[in-house]
Amino acid sequence: MTTKVIFFTGGVLSSVGKGVTAAAIGRLLKARGFNITIQKLDPYLNVDPGTLSPYQHGEVYVLDDGAETDLDLGHYERFCDLRLTRNSTVTTGQVYQEVLDRERRGDYLGGTIQVIPHITNEIKRRIALAGKASNADIVLVEVGGTVGDIEGQPFLEAIREMRNELGRGNTAFVHLTWLPYLKATGEIKTKPTQHSVRELRSIGILPDMIVARSDYPVEKAICGKIAQFCDVPAEAVIPLETSGLLYQIPLVLEEMRVAEILLDRLNLSPKQEPDLAKWRWMVQELGREKPAVRVGLVGKYVELHDAYLSVREAIKHAALYAGVDVEVEWISAADLEKGIGLERLENVDGIIVPGGFGSRGVEGKILAAKYAREHKLPYLGLCMGMQVMVVEYGRSVLGFSDANSSEFDKLSTHPVIDLMPEQANLEETGGTMRLGLYPCQIQPDTLAASLYQTERVDERHRHRYEVNNDFRAVFEQNGMFFSGLSPNRVLVEIAELRGHPFMLGCQFHPEFLSRPTAPHPLFSGFIAAVCQTLGLAAETRPQGS
Ligand code: GLN
């Protein structure tokens, strides 16, 4: 079967939920038995978002193969329960780098290298590769940015050419727009949508479906008007009102027969009746009123919740299956460090310290770990969150007053977190971080073992520093146990405290593997401990029942 491709473009505004819409449609197609994959084309010049500040770009999402990607890849994986690879992420930077490398090698045999066809061909090659490598029936391709952006033009040209090359019945174009609401007249306006479709058509792309996002309910007449002006069948104008519950979106789109319309466009019939029972159950549970617990998230970028998107989602998933609601209290580590907002720690039922880089706020995170340990408050440390837990223990319990990570104090006489010589060759090969999936052996009779219920797990990493092996013995002799190790036992993957209701840190990022249909065991364990300390019996329901 030929691989079919659905392209998603955006008009009017960015940040109106193209990624979530593509992911939601992916879920509907997967529910019909199709093997799908999703790819994001990002028109910016960075090779990947790994070097971008979270303030600019939200969290960096890490895949199994170590690709550092846009947070939309997290939506794709969570909504569609996929494990994507670096084939799913393409930036202008990567495309140019590849073409220029070939040019330097002389591969173009003296030809003049141009945006069309060399850049566009490389974009098309990467789209085809995403489908081929995953053996997908349908590839969903999201083009970042909005129509009309100068930097997006080569991508739009490439996808226009692909329709011609693959044939109309093998491609579909979904255009996502925004309908502004005019307070003065109480009207929803379609003009910007009309203009963005005109812009798209001027470069030769005719949308097959328009998803019209709005903050307000959109009447049928408005959809009719969009259909009339934009040459799209009325049934293919899909109004999508802003929802506080992202996981509801596949069900909203299902109501409007989005999958049927697209499959029809692609000359495909569903392979099976849509299987959305588990998803429906999950959404219903999310909407049900439940007792609430408060989790303090102590981080550096707390003003920007997108910087911790996967952590927030993983908390939500775990809470859902424990039968509770969670209020996340965003606590600034930099404030705690300055002595501001310490009382906020008293008002939470558990603390999570997520990943981070750089020294700002580190002492605040260490303080949060100390508070959790001393007050027997459940604590989950993710990457940097584990490192500060180890530093704090070193300082307060083992009496190493200058204990630190050598990331923050090169002169510490107790660098309990350090660059490990075993990792040195990693640096020589150019990669300065341990990235992607690595195995972890769970030690028997530990909290980690009781949570994972298995001896070996594979988790995603993104860090440079490790627990310093020189100090492992003294920690283990004094109450901190290293319950997850690399199979050769050289690297510490999980640390946990004995005699505490739940104080566990992991060197990896479990949040990237949590799914709304399958919460991550470490997050579930943390939420269960929170419930237990509050005297709330955590309901353990069979997933999806
Ligand atoms: N900065 C720390 C390191 O590089 C932690 C990284 C992280 O939390 N992702 O090891």
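To be clear, the structure that these remarks concern was listed above.
Residues numbered from 1 in each chain as written. Predicted model: local features only at pLDDT ≥ 70, side-chain atom pairs only at ≥ 80, totals over all residues. Heavy atoms only, no water.

S.K.: Sorry, what's going on with the packing of aromatic side chains here?
M.R.: When we look at a pair of aromatic rings, we describe it by the centre distance and by the angle of the planes. If you walk through the whole model with that rule in mind, you get 12 aromatic pairs. Ring centres 6.0 Å apart and planes at 65° place the aromatic pair Phe502 and Phe526 in the edge-to-face group. With Phe502 in the loop between strand 22 (492-497) and strand 23 (503-506) and Phe526 in helix 20 (residues 521-533), this residue pair connects regions lying 24 residues apart in the sequence. Here Phe502 matches Phe526 in class, with each residue buried. The ring of Phe481 has Arg498 lying over it, and the distance from NZ or CZ to the ring centre is 4.3 Å. (Phe/Tyr/Trp six-rings, centres within 6.5 Å; stacked < 30°, edge-to-face > 60°. Helix = DSSP H or I, 4+ residues; strand = E, 2+ residues; numbered from the N terminus. Buried < 20%, exposed > 50% of the residue type's maximum accessible area, 1.4 Å probe, protein only. Lys NZ or Arg CZ within 6 Å of the ring centre and 35° of its normal.)

S.K.: Any chance you could explain the pattern of salt bridges here in plain terms?
M.R.: Side-chain pairs of opposite charge can arise where the charged atoms are in close proximity. Throughout the structure, instances matching the rule amount to 42 salt bridges. One salt bridge in this structure joins Arg344 and Glu329, with 3.3 Å as the shortest N-O distance. Linking Arg344 in helix 14 (residues 343-346) with Glu329 in strand 13 (residues 325-332), this pair joins segments that are 15 residues apart in sequence. With relative accessibility at 30%, the residue Arg344 sits in the partly exposed group. In this structure, Glu392 and Arg373 form a salt bridge, with 2.8 Å as the shortest nitrogen-oxygen distance. Pair noted here: Glu392 is in helix 16 (residues 384-396) and Arg373 is in helix 15 (residues 362-374), with a separation of 19 residues, a long-range link. Across the pair, Arg373 and Glu392 agree in class, each one buried. (Salt bridge = Lys/Arg side-chain N within 4 Å of Asp/Glu carboxyl O.)

S.K.: How do you make sense of the environment of Leu268 when you look at a structure like this?
M.R.: Mapped onto the fold, Leu268 is located in the loop between helix 10 (258-265) and helix 11 (277-287). We classify Leu268 as buried; its relative accessible area is 14%. When the C-alpha atoms of Leu268 and Asn87 are compared, they prove to be 25 Å apart, with 181 residues separating the residues in sequence.

S.K.: What exactly am I supposed to notice about the pairing of strand 6 (residues 138-143) here?
M.R.: Along a regular strand, successive side chains alternate from one face of the sheet to the other. With six of six residues buried, strand 6 is to be regarded as a mostly interior element. Burial of strand 6 is two-sided: the residues Ile138, Leu140 and Glu142 facing one way and the residues Val139, Val141 and Val143 facing the other way are all buried. Inspection of the sheet shows strand 2 (residues 36-42) paired to strand 6 by six bridges, in the parallel sense. Residue pairing across strands places Gln39 opposite Val141, the latter belonging to strand 6. (Pairing = 2+ DSSP bridges.)

S.K.: Hey, could you run me through the packing of helix 1 (residues 18-30) against helix 10 in this one?
M.R.: A pair of packed helices is captured by two measures, namely the crossing angle of their axes and the spacing between those axes. Following both chains from N to C, one finds helix 1 and helix 10 inclined at 75°, their axes separated by 9 Å at the closest point. Taken as axis vectors, helix 1 and helix 10 run roughly perpendicular relative to one another. In this structure, helix 1 contributes Ile25, Leu28 and Leu29 to the contact, and helix 10 contributes Val258, Ala259, Leu262 and Leu263. Of the residues belonging to the contact of helix 1 with helix 10, the class tally is seven nonpolar, no polar and no charged. (Axes fitted to C-alpha atoms, helices over the stretch in contact; angles between N-to-C directions. Parallel < 35°, antiparallel > 145°, perpendicular 65-115°, else oblique. Contact = heavy atoms within 4.5 Å. Nonpolar A, V, L, I, M, F, W, Y, C, P; charged D, E, K, R; others polar.)

S.K.: For this particular structure, what's the right way to read the site of the ligand?
M.R.: Every residue lining the ligand is accounted for by Gly355, Gly356, Phe357, Cys383, Met384, Gln387, Glu407, Arg462, His463, Arg464, Tyr465 and His509. Here an oxygen atom of the ligand sits 2.9 Å away from a polar atom, N or O, in the main chain of Gly356. At a separation of 3.0 Å, an oxygen atom of the ligand approaches a polar side-chain atom of Gln387. Compared with its free state, where it exposes 300 Å², the ligand has 99% of that area covered by protein. Judged by the fraction of its atoms near the pocket grid, the ligand is located in the second largest pocket. Sorting the residues of the shell around the ligand by element identifies helix 16 and strand 19 (456-463) as the ones contributing at least two each. In terms of residue class, the shell around the ligand is made up of four nonpolar, five polar and three charged. (Near = heavy atom within 4 Å. Polar contact = N/O pair within 3.5 Å; in protein donor to acceptor, adjacent residues only side chain to side chain. Areas by Shrake-Rupley, 256 points an atom, 1.4 Å probe, with all protein chains shown as cover. 1 Å grid on protein atoms, 1.4 Å probe; cavity = no way out; pocket = protein on both sides within 12 Å on 5 of 7 lines; lining within 4 Å. Sits in = over half its atoms within 2 Å of the grid points.)

S.K.: Can you help me understand the sheet that holds strand 19 in this one?
M.R.: In a beta sheet, neighbouring strands are held together by backbone hydrogen bonds and run either parallel or antiparallel to one another. An order of 13-12-14-15-23-22-21-18-19 is seen for the nine strands of this open sheet, with the pairing classed as mixed. Looking at which strands have only one partner, the edges of the open sheet turn out to be strand 13 and strand 19. Between one strand and the next, the sheet's axes are offset by a mean angle of 25°, whatever the strand orientation. Pairing geometry for strand 12 (residues 292-299) and strand 14 (residues 350-353), over three bridges, is parallel. Looking across to strand 14, one finds that Val295 is bridged to Gly350. Most of the contacts of helix 15 go to strand 14, to which it runs at about 150°, and overall it touches strand 12, strand 14, strand 15 (379-382), strand 22 and strand 23.

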